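# Architecture at a glance
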Amino acid sequence: MSNVGTSVPRTDGPSKVVGTAKYVDDLSMPGMLHGATLRSPVARGILKRIVKDPAFDWTGITFVDATDVPVNVVALIQDDQPVLASHEIRHRYEPLALIACDDALRLARAARHVTFEIEPLPAIFDPRASFERREIVAPPDNVFGRYRITKGDAEAALASCEVVVSGTYSVHHQEQLYIEPQGVIAWFDERGAHVHGSIQCPYYVQKGVKKTFVLTESDVDVVQTVTGGGFGGKEEYPTVISLHALLLAKKSRRPVKMIYDRQEDIEATTKRHPAEIGIVTGCDRDGTLRAISIHVLMDGGAYVTLTPVVLSRGILHAAGAYRWEHVLAEAVAVATNTPPNGAFRGFGAPQTIWAVERHLDKVARQLGMDPLVLKSNNVLRVGDTTATSQTLKESVGIGECIEKARTASDWDRKRALGPVVQGRKARGIGACVFMHGAGFTGSGERRLKGRVALDLLLGGRVRIRTASTDIGQGTETVFSQIAADALGLPMSQVEFLQPSTARVPDSGPTVASRTVMVVGSIVEAAARELKERIDAEQAATGLDRRRAMDALVFRAMGTAEHVYDTPRDLEWDDATYRGDAYPVYGWGCDIAEVEVDLDTFETKVLGFWAAADVGKAIHPTHCKGQIEGGTLQAIGWALHEQIVWKDGAILNGRMTNYIVPTSLDAPPFTTLLVEAPYSRGPGGGAKGIGELPMDGGAPAIAAAIEHATGISMDNLPCLPEDLFERARKGRAA
Amino acid sequence: MIVRLEVNGERRLVDLPPLTRLLDALRGPLGLTGTKEGCGEGECGSCTVLLDGDPVNACLVATAQCEGRSVTTVEGLGALDGRARETGGLSLLQAAFVTEGGAQCGICTPGMLIAAEALLRETVDGANRKPTDTEIREAVAGNICRCTGYQRIVDSIAQAAALRRRVSPADWVRENLPFAKAEGTRGLL
Amino acid sequence: MSLPELSLHGLERPDSLGSVCERLAERAARGEKTVLLAGGTDWFVERHVAPATDGSEAELVLDVSRLPELRGISASGDTLWIGAATTYLELRRHPVVAARVPLLPAMSKDVGAVQIQARGTLGGNLATASPAADGVGALAALDATVHLLSVRGPRSIAISDYFTGYKRSVRAADEVITGFTVQMPGEGSFQYWRKVGTRLAQAISKVALAGVAEVSDGQVTRLGLGMVSVAPTTAFLPTVRALALRRPLDRIADSALDAATQADVSPIDDVRSTGDYRRHVSGALVREFFRTLRSR
Ligand SMILES: Cc1cc2nc3c(=O)[nH]c(=O)nc-3n(C[C@H](O)[C@H](O)[C@H](O)COP(=O)(O)OP(=O)(O)OC[C@H]3O[C@@H](n4cnc5c(N)ncnc54)[C@H](O)[C@@H]3O)c2cc1C
Ligand code: FES
Ligand code: FES
């Protein structure tokens, strides 16, 4: 019996299509209040006083400010972000106070009767200005993180290379725009604090609650309700909204529900980090790449949150999927007075991959080479070493990815044809080659020690207990497939317990493309252990399988809890940033064909070929769904999405003007799965692919636009207005 | 104001302020939380329901404007098939979303299904023909999905169109969805 | 998320156009605010952005969406009547409109997406008086007549005389838009619609152009143009019209069209686009209109 490798019906599918799946806003509690957040009207300042209008009737309204917060920090990497600002305000949407009421209308009115006296301070929105310390907005020096990678001697090598090319590239903010906004219901009872909500990482929330309310593990239960998308946006932010709801719940002694309005969600929650990247490369005249020097400046926003980790992943991907003898990569992240930037699918890598891919297209142009040939000739293979001097030992399927995408898209013919201009429309084709580290960086997994438990239940059933959440990507189905196969049971006998910190072990966060590859392999190990126990029981007793399983349950032998067995041969040095940055990589080649209107500069994506090496496709349909969904987010980032800022405020925080692609904007996708198995991956070699598809779309689109029009975009986005300006400048020059 | 309307084939009565959004009437007193809210401004389509057969955004319709009219929500799609019991409450269209990858996080799915149902009624039921890919994309263009990239949604709808009126939903669902259970396993609280 | 402030508004369902006018007149005389609710696709969004704050100032809503007098499309001779509460979906589905005024279904297909088309009305589109109104762009190209009614009686005005400024019009507070009449273009006429929006559906126009032309013996004998989102109100492009009307088609130079277009538009920067881009696209669309017309 094999479930792995087949596209079984998704286990949480039926409840989603009939409307019975309960998302947080579908739930309510007796006596529940509605909560709201009152935010700063300025980007930077000192909060002097909060004024509650004395003429307003405040009965029945719970009011919370910083004085009500036991320990006023949002626990994450650094404890710099307050739950509610008490003095210093660092961004335009900083939470200053909270209110709750059982009557939504009174709540809305009360919100209008609170004013803040604030002494404004000069704010910084430009990361360069922050780097130059024109104002210190995050003491001591505005710097949130710094990394440096060296291999060989890049400076010396560049000085002697035949062809040296340099360029500067930049990328912009991006909003996750999950369709279910952030939301939780929270309450206290005799057992402690409870949070139910739309949450990617329940144990992160638990950590935050413990810290702020000075509680222990057993006092806090965080439960993930069915979650309507996250993409990183529900990684760290849910801690903030959970703390807010709990503060109101504590003061009112009632359950409190907080659901963000779409505009509040866009304005106040995290976004993808913008970055500016300078690159100088050296190569031979035949296109053999030799040396690269990279400088990254990333905009962290107002507080540290996850910025150092995002910066780290960014710099680790900055040299692209290529062989370089000499690498120098330096990265800095700084503070600005915008809401903290945070996790978003790709986590820093799409930013730097944009730069290196655009850069290599430029190198190809200067050499007069087909860019895909240049990239393919230099791409990493087994035995090569990466920028961090990691030797790739296995599972490098990039060659096959490139071949498949190239053939399926008819690249050679279309590229050689040059732009096809018909009337006022020009067609072109572009490619991107990329890799994405699967799992945590360096020694992350070793520190984390992810755990999973499997329980036998009476009647021959098995239950998976893990903190890995299904936020749409199909965790529940895939884990069930892995467990069913390892146990030799049909899928219908496997259950997935709703993640709750009181009932599931800490499997680590649902991030970093680690869920299937890392946590899935723990599920597999635990299932194998159970199977051994069942087999032994059968051998010893002669019972049939079902009875043998029941017998184990009766003897309290029915639970197997496993810890991740971190590959021992991985070596990583945090100090030098050298070694095995990731246990393995996902690989991809994206090819986009576009048609650009030469009058209006609108870009229509006619076709998109995405080839990805996933190790092993446990569920091919889900795999393709991940790739297509991630790719469309990347296309949106390139062609439609843009946050419009003014003095730290967002001018387009609504779905009518923050533009993501509709079904008509999305191209038909041809998704090609490549399987170069990873020896430690579950199900016969699966690798992480959650983030990979976010990396290739934008550079492929920009390359296709360049092929069609000759307009070369170094900066994202490529909105019609941007192409128009670029073309106009080109003509003027 | 008392408003009489037909919801998923049943006559219902609600007493609400007249401008209450149809969305809030459905999710509140009518107890149908399958219809979702993603924006409240007509942009995302997750609140799509059929009003007298046409897809509308329930966040932009006043409950009082529905007096005497019929409303179909996602909860009604399987039930209206008339064979709810045999299919586990699923219509073919719903089943296709489960098998073809049309639903990931699922938050856009109820609205998406309703918009697709309107298309299938017009093309397959009304004109006895399958919709083209472009027609499918046009029909769901008012339903934003951030998860799927739409390809598998288009495929799910195309499959449902191909099967509709040709196979029995009950048989098909039994064969293709062995562990279909309409009740979610996660309805805590 | 809900919109609790909506409970502050009262709603009435007048059973005839006459009683709508009476209610409007009474309330206008007392200085009370009243709003007519048709499809609600503008009004609900406006209330989401700016909810009423208290009951006394919340406008009273009169539901006109199902008033028979405001609904329906009918043709008599070459004149087409479109009731104000006609939806985009109805325009898309009407056989006479499809055959004689394909501009209208083409425009309707580009409004929002099907959910908006099923509710949104032409009357609502005009009443909002936004320069971004696609329906009004089409009505401008058709040189439609707007019909208004109040207790003081009916009046009809050319759509080009309707606007007095950004989101302002000649319509008095107690007047209802009852519908539009359009002289249907003759057989063989050229009708053009192109919308350049923020994306291919669910998009507000950055620029859109509606055009109607009849040509006989190489001369332009009827010309109507309506441009969206390039000026404080829907742009009628009078300079372009004057340049081309009753002119031999092959003598209308692109450079002259460009100059005329630029004289007629005054676009601005906003969150959706830039003034420069809009200027550029305005010129391109006008050129495309004439290019396609010439090549027919
Ligand atoms: C998601 C979305 C997408 C959209 N896309 C587009 C688009 O692509 N193009 C576009 O042009 N618009 C678009 N709109 C705006 C809107 O749908 C249109 O303007 C629509 O025509 C408004 O009509 P309605 O009947 O819904 O107006 P309502 O909201 O019912 O009314 C709007 C205003 O008009 C007044 N009014 C209505 N009928 C009359 C009447 N008979 N006499 C006097 N006053 C009246 C009302 O009092 C109110 O002030 C979009 C809106 C949304 C939410
Ligand atoms: S909630 Fe109605 S369209 Fe988004
Ligand atoms: S499945 Fe998540 S938004 Fe569509």
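So, a few notes on the structure that sits alongside this text. (Residues numbered from 1 in each chain as written. Chains lettered and ligands numbered in written order. Predicted model: local features only at pLDDT ≥ 70, side-chain atom pairs only at ≥ 80, totals over all residues. Heavy atoms only, no water.)

### Considering the overall build of chain A
Helix and strand content of chain A: 20 helices and 28 strands. Taken over C-alpha atoms, the radius of gyration comes to 26 Å for chain A, in line with the 27 Å a tight globule of 733 residues would show. Viewed in the frame of its principal axes, chain A has a C-alpha envelope of about 80 × 75 × 50 Å. Per-residue burial for chain A yields a buried fraction of 68% across its 733 residues. Excluding contacts between residues fewer than 6 apart, the proportion of contacts in chain A whose partners are at least 24 apart in sequence is 82%. Entry remark: accessible area of chain A is about 23000 Å², with carbon and sulfur atoms responsible for 50%. Both charge centroids of chain A, one from 80 positive and one from 90 negative side chains, sit 1 Å from each other. (Helix = DSSP H or I, 4+ residues; strand = E, 2+ residues; numbered from the N terminus. Rg over C-alpha atoms; globule rule 2.2 N^0.38 Å. Buried < 20%, exposed > 50% of the residue type's maximum accessible area, 1.4 Å probe, protein only. Contact = heavy atoms within 4.5 Å. Areas by Shrake-Rupley, 256 points an atom, 1.4 Å probe, with all protein chains shown as cover. Lys, Arg positive; Asp, Glu negative; His and termini not counted. Charge placed at Lys NZ, Arg CZ, Asp CG, Glu CD.)

### Overview of the sheet that holds strand β2 (residues 45-52) of chain A
Reading across the sheet, the three strands line up as β4-β2-β6 (chain A) and stay open at both edges, with antiparallel pairing between neighbours. In the strand order of this sheet, the two ends are held by β4 (88-89) and β6 (114-120) of chain A, each with one partner. (Pairing = 2+ DSSP bridges.)

### Focus on the interface of chain A and chain C
Accessible area lost upon the coming together of the parts serves often as the stated size of an interface. Between chain A and chain C, the residue contacts involve 36 residues of the former and 35 residues of the latter. Broken down residue by residue, the surface that chain A buries against chain C is led by A:L105, A:D599 and A:E721, which jointly contribute 20%. If you look at where chain A meets chain C, you find six salt bridges. Connecting chain A to chain C are 13 residue pairs in polar contact (both at pLDDT 80 or more). Contributions of two or more residues to the side of chain A that touches chain C are made by α2 (104-111) and α20 (720-732) of chain A. Tallying contributions element by element places α20(A) first for the side of chain A that touches chain C, with five residues. Looking at side-chain class alone, the side of chain A that touches chain C contains 15 nonpolar, six polar and 15 charged residues. (Buried area = accessible area lost by both parts, 1.4 Å probe. Salt bridge = Lys/Arg side-chain N within 4 Å of Asp/Glu carboxyl O. Polar contact = N/O pair within 3.5 Å; in protein donor to acceptor, adjacent residues only side chain to side chain. Nonpolar A, V, L, I, M, F, W, Y, C, P; charged D, E, K, R; others polar.)

### Points about the sheet that holds strand β28 (residues 669-674) of chain A
Residues and elements named next belong to chain A. Pairing is mixed in the open sheet, where five strands are placed in the order β16-β17-β24-β25-β28. If you trace the sheet from one side to the other, it starts and ends with β16 (420-422) and β28, each paired once. The sheet shows a mean angle of 20° between the axes of neighbouring strands, taken without regard to direction. Direction of pairing for β16 relative to strand β17 (residues 425-438): antiparallel, over a ladder of three bridges. Within β17, the residue paired with Q422 across the bridge is K425. (Axes fitted to C-alpha atoms, helices over the stretch in contact; angles between N-to-C directions.)

### Some thoughts on empty space enclosed by the protein
All names here are of chain A. According to the stated counting rule, one finds 10 cavities of 30 Å³ or more in the structure shown. Considering only enclosed or pocket space, the largest cavity measures out at about 160 Å³ in volume. Surrounding the largest cavity, 16 residues form its lining, Q81, Y237, V240, T305 and P340 being those nearest its centre. Residues of the lining of the largest cavity, tallied by class, amount to eight nonpolar, five polar and three charged. (1 Å grid on protein atoms, 1.4 Å probe; cavity = no way out; pocket = protein on both sides within 12 Å on 5 of 7 lines; lining within 4 Å. Points joined across faces, edges and corners; volume = space filled by probe spheres on them.)

### Focus on the site of ligand 1
Residues and elements named next belong to chain C. Around ligand 1 sit 35 residues, and of these L36, G40, T41, Y88 and T121 come closest. In the environment of ligand 1, an oxygen atom lies 2.7 Å from a nitrogen or oxygen atom belonging to the backbone of G39. A distance of 2.8 Å separates an oxygen atom of ligand 1 from a polar atom in the backbone of W43. Compared with its free state, where it exposes 980 Å², ligand 1 has 94% of that area covered by protein. For the shell around ligand 1, the leading source of residues is helix α7 (residues 122-128), giving four residues. (Near = heavy atom within 4 Å.)

### Some points on helix α4 (residues 109-127) of chain B
Residues and elements named next belong to chain B. Under the 1.5 Å per step criterion, the end-to-end length of α4 is 25 Å for 19 residues, consistent within 8% with the ideal 27 Å. The largest bend in α4 is about 30°, located at L120. Where burial is concerned, most of α4 is hidden: 14 out of the 19 residues are buried. Just downstream of α4, N128 is the residue with a positive phi angle, here 55°. (Expected span 1.5 Å × (residues − 1). Bend = angle between axes of the 7 residues up to and from the residue.)

Everything listed is a geometric property; what it means functionally is a separate question.
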